[in-house]
Amino acid sequence: MEKLIITGPTPLKGEVEINGAKNAAVAILPATLLINGVCTINNLPNISDVQILCKILEKMGAKITWNSSNEITIDTRNINTTQAPLDLTSKFRASYYLIGAMLGRAGKIEVGMPGGCKLGARPIDQHIKGFELLGASVEVRNGAISAKANCLKGNSIYMDVVSVGATINIMLAAVLAKGTTVIDNAAKEPHIVDVANFLNTMGADIRGAGTDVIKINGVEKLHGDCTYSVVPDQIEAGTFMLAAIASKGDLLIKNCITKHLECITAKILEIGGNVEDYGDSIRVWYTKRPNKAIIKTLPYPGFPTDLQPQMGVVLSTANGTSIINESIWESRFQYTDELNKMGAKITAQGKSAVFEGVDELFGAPVYSTDLRAGAALIVAGVSANGVTEVYNLQHIDRGYENIEEKFRKIGANIQRVKE
Ligand code: UD1
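Residues numbered from 1 in each chain as written. Predicted model: local features only at pLDDT ≥ 70, side-chain atom pairs only at ≥ 80, totals over all residues. Heavy atoms only, no water.

### Examining the site of the ligand
Thinking step 1. Close to the ligand lie 20 residues, the nearest being Q126, S163, V164, D306 and I328.
Thinking step 2. A distance of 2.9 Å is found between an oxygen atom of the ligand and a side-chain nitrogen or oxygen belonging to Y96.
Thinking step 3. Contact with the protein chains covers 87% of the free accessible surface of the ligand, which is 740 Å². (Near = heavy atom within 4 Å. Polar contact = N/O pair within 3.5 Å; in protein donor to acceptor, adjacent residues only side chain to side chain. Areas by Shrake-Rupley, 256 points an atom, 1.4 Å probe, with all protein chains shown as cover.)

### Some details on the nonpolar core
Thinking step 1. Core analysis: the largest hydrophobic core is formed by 79 residues, its most contacted members being I99, L199 and I206.
Thinking step 2. The contacts of I99, once residues within four sequence positions are left out, are I109, V111, F131, I145, A147 and N169. (Core = buried A, V, L, I, M, F, W, Y, C linked by side-chain atoms within 4.5 Å. Buried < 20%, exposed > 50% of the residue type's maximum accessible area, 1.4 Å probe, protein only. Contact = heavy atoms within 4.5 Å.)

### What about the sheet that holds strand β19 (residues 345-349)?
Thinking step 1. The 4 strands are arranged β17-β18-β20-β19 in an open sheet whose pairing can be described as mixed. Of all strands in the sheet, those bounded by a partner on one side alone are β17 (294-296) and β19. Pairs of neighbouring strands in the sheet enclose a mean axial angle of 10°, with direction left out of account.
Thinking step 2. Two strands pair when backbone bridges link them, and strand β18 (residues 321-325) and strand β20 (residues 352-356) are joined in this way by 5 bridges, in the antiparallel orientation. Residue pairing across strands places N325 opposite S352, the latter belonging to β20. (Pairing = 2+ DSSP bridges. Helix = DSSP H or I, 4+ residues; strand = E, 2+ residues; numbered from the N terminus. Axes fitted to C-alpha atoms, helices over the stretch in contact; angles between N-to-C directions.)

### A few points about the side chain of Q126
Thinking step 1. Counting through the fold element by element, Q126 comes out in helix α5 (residues 125-133).
Thinking step 2. Separated by 2.8 Å, the side chains of Q126 and D125 make a polar contact.
Thinking step 3. Residue contacts for Q126: discarding those within four places in its chain leaves Y158, M159, D160, V161, A166 and I170.

### Section: the packing of helix α1 (residues 22-31) against helix α7 (residues 190-201)
Thinking step 1. Following both chains from N to C, one finds α1 and α7 inclined at 25°, their axes separated by 9 Å at the closest point. Classified by the interaxial angle, the pair formed by α1 and α7 is roughly parallel. By crossing handedness, the relation of α1 to α7 is classed as right-handed. Contacts between α1 and α7 involve N23, A24, A27, I28 and A31 from the former and H191, D194, V195, F198 and L199 from the latter.
Thinking step 2. Residues that form the contact of α1 with α7 fall into these classes: 7 nonpolar, 2 polar and 1 charged. (Parallel < 35°, antiparallel > 145°, perpendicular 65-115°, else oblique. Left-handed = near helix turned anticlockwise from the far one by under 90°. Nonpolar A, V, L, I, M, F, W, Y, C, P; charged D, E, K, R; others polar.)

### Here we look at the packing of aromatic side chains
Thinking step 1. Evaluation of the coordinates by the stated rule reveals 5 aromatic pairs.
Thinking step 2. With a centroid separation of 5.4 Å and 65° between ring planes, the pair formed by F198 and Y228 is classed as edge-to-face. Taken as a pair, F198 in helix α7 and Y228 in strand β13 (residues 226-229) lie far apart in primary sequence, 30 residues in all.
Thinking step 3. Among the residues examined, Y228 registers a relative accessible area of 9% and is labelled buried.
Thinking step 4. Where Y367 meets Y391, the ring centres are 4.9 Å apart and the plane angle is 15°; that geometry is what we call stacked. On the criterion of sequence distance, the pair formed by Y367 in strand β21 (residues 365-367) and Y391 in strand β22 (residues 386-391) is long-range, its members being 24 residues apart.
Thinking step 5. The exposure class of Y367 is partly exposed, given its relative accessible area of 38%.
Thinking step 6. The ring of W285 carries the charged tip of R283 above its face, separated from the ring centre by 3.7 Å. (Phe/Tyr/Trp six-rings, centres within 6.5 Å; stacked < 30°, edge-to-face > 60°. Lys NZ or Arg CZ within 6 Å of the ring centre and 35° of its normal.)

### Comments concerning the sheet that holds strand β12 (residues 213-217)
Thinking step 1. A sheet is described by the order of its strands in space; here 4 strands give the open sequence β9-β10-β12-β11, paired in mixed fashion. Edge positions in the sheet fall to β9 (156-158) and β11 (205-207), since each has one partner strand and no second. For this sheet, the mean inter-axis angle between neighbouring strands, taken without regard to orientation, is 15°.
Thinking step 2. Of the strand pairs in this sheet, β9 and strand β10 (residues 180-184) are connected by 3 bridges, and their pairing is parallel. Bridge pairing links S156 to V182 in β10.

Dropping the structure here:
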């Protein structure tokens, strides 16, 4: 077992480079199944979710060459099964994208029931509704999902909830369907636009991604021979923006799209932090104790649920009492028990939490309960007085490349050790 040992407090200072977006990469890799050819993907984050997906695709017959640590060439000409390895697919959430992609490619697929962070109930009814409206039949049995279709046909699909995963999955299935599909009440996250751009680069005809109505005109086939660069990770950039404030630091965050960060910038300015926007990089710095705030997580362009725990760290030491309302996930406040071990005063109940700002946090042994909670605990450890030990790093490694190296370069005293 590995753990991180962090000695704080250290104001984080300097420059940090953001990797490609995890949530775009884990959809783009399955999307390569829609072509029967070769394509190169760069700015790919080298994180464990991506490594597992590559293993899954290889087991299904894809040939993957790592050209560098952030670029692969993938050849999908020899895909030879419609059964994704059940043990690997049930390890993480995004394996559900194999369903949309393989329905498009082969009209058939079986995958393990998607796993991923335990954030409360994570239904997939909207994915299934979409596949069925396109003409597929879907069965969930013995921890696996099987879907099949003789011929997918475009349809109008109204999403009952705004879902990132269902929007992308339906887009994947509809790209090669006959006729036009319209997704109404679609999610608008930057990675949805990125997946649509990737598919369009390969010959798809998707319009309106980034708005709440997406129109997909089915095409006969997609072509390979393209190179695509994954969009910068909005959540990783936001994590460092909030780390700059929590640690009383000054960071220049490079390789990001600042338009995607507006919801975070607005809140940082509101609590008294400083932000300078340079378009593809952003400087965030601390000058005074943050003000209290009220935060409600919402689908994009609202404040992202995936930055809620990192914002929770900032509000733990804000001036006054703050409230966070989590509107996406049922159990996203598990990290507050860990922060309370560090001296925070947080009362969480259901989907709300009250943060009574304390003067400072103190180091303690803490356990990451999920991916973003883990990132938040690192930010807390860097900002706290004394030694923090962060356990359960497998969650953090799913979504952040070289996280301790990046924190070390901007001044954190952080080490990964084997127990
Ligand atoms: C994605 C992200 C995750 C992020 C979340 C919300 C990936 C791989 N993961 O997860 O990091 O926290 O978006 O921004 O991109 N819902 C249903 N039925 C469905 C699908 C979803 O009721 O069929 C509900 C969920 O319970 C949740 C809400 O819709 O309350 C949003 O979920 P969704 O956007 O689908 O999240 P994911 O795509 O799983």
